[in-house]
Amino acid sequence: KINLAAVHVDLGKPEAAIDLYEACRKERPTDVALLSALVSLYEQTNQLDQASTTLRIGLATTPDDPRLALVEARLQRRGGNLLAAREKLVLLLHMELDTDLAGEVALELGTVCDRLDDWDGAFAAWIRGNRAMADHWSSLPASKRPLSEYRARLSRNGRWFTRERLRRVPIPTSEDRVDPTFFVGFPRSGTTLLE
């Protein structure tokens with residue numbers, strides 16, 4: 001179930017992943033990796049009350065877990081407690097962390113510093129985070145890197161969209177037209193790509 005939940009996360013289906021993680025939690029209530037993944041998903045899907053409740057359970061079990069501490073800092077930021085979030089993130093960066101987690105912590109610290117108008121601190125944290133994430137991804141086998149999968153998907157799409165297939169697509173007439181849809185007020189939501 002845990003592996004299937006991770007697949008749902010990769011497929012962009014967080015609700016299905018949450019259901020599976022919750023089912024697993026009944027069998028393994030003190031599994032901190034499971035609780036950490038669940039808290040992160042609740043936070044990412046804006047279920048902040050559920051995230052806080054699950055976080056408290058995880059911290060009662062393992063108060064020093066760095067992944068739980070990162071999510072706690074995110075929840076503090078989202079709740080407006082920026083100074084507490086920054087303090088927690090700075091402490092985390094002094095710990096020995098996996099490269100990917102160190103990158104996530106530094107990137108979150110950059111966001112918090114930016115909100116605190118500490119632009120030098122934000123820039124330094126983002127540089128540190130980007131370097132850590134680049135180190136993490138470069139250490140993975142090529143087949144596990146996001147860029148490799150992206151290039152493979154582009155290649156598959158290029159082979160699928162042949163001239164013959166495109167010729168078979170009917171050309172719309174003026175009667176087939178629908179009113180245009182305008183996307184406004186959603187920065188960084190993919191509107192340029194859509195256009």
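Everything here concerns the structure above.
What you see is a predicted model; the values in this text were computed from it and never measured.

Enquirer: I keep staring at the side chain of arginine 74 and nothing clicks. Help me out?
Expert: Looking at the element boundaries, arginine 74 is found in helix H5 (residues 66-78). The buried category is assigned to arginine 74, whose relative accessible area is 15%. A polar side-chain atom of arginine 74 sits 3.4 Å from a polar atom in the side chain of glutamate 104.

Enquirer: Looking at this model, I keep getting lost on unusual backbone geometry. Mind explaining?
Expert: A negative phi angle characterises most non-glycine residues, just as the trans form characterises most peptide bonds. One non-glycine residue with positive phi stands out, namely asparagine 46, at about 60 degrees. Along the chain, the position of asparagine 46 falls in the loop between helix H3 (32-44) and helix H4 (48-61). Residue class for asparagine 46 comes out exposed when judged on its relative accessible area of 51%. Positive phi is not limited to glycine here, since aspartate 117 has a value of about 65 degrees. By the element assignment, aspartate 117 lies in the loop between helix H7 (99-115) and helix H8 (119-139).

Enquirer: So what exactly am I meant to see when it comes to helix H6 (residues 82-93) here?
Expert: Since the α-helix packs 3.6 residues into each turn, any two residues three or four apart lie on the same face. For H6, spanning 12 residues, the distance from its first C-alpha to its last is 16 Å, which sits close to the expected 16 Å at 1.5 Å a residue. Those residues of H6 that fall on the buried side of the exposure criterion are Leu82, Ala85, Leu89, Leu92 and Leu93. For H6, the arc enclosing every buried residue in end-on projection is 95 degrees, short of the 170-degree limit, so these residues lie on one face. Exposed and facing more than 90 degrees away from the buried side of H6 are Leu83, Glu87 and Leu91. Against H5, H7 and H8 lie the buried residues of H6.

Rules of the game
Residues numbered from 1 in each chain as written. Predicted model: local features only at pLDDT ≥ 70, side-chain atom pairs only at ≥ 80, totals over all residues. Heavy atoms only, no water. Helix = DSSP H or I, 4+ residues; strand = E, 2+ residues; numbered from the N terminus. Buried < 20%, exposed > 50% of the residue type's maximum accessible area, 1.4 Å probe, protein only. Polar contact = N/O pair within 3.5 Å; in protein donor to acceptor, adjacent residues only side chain to side chain. Expected span 1.5 Å × (residues − 1). Arc of directions from axis to C-beta. Contact = heavy atoms within 4.5 Å.

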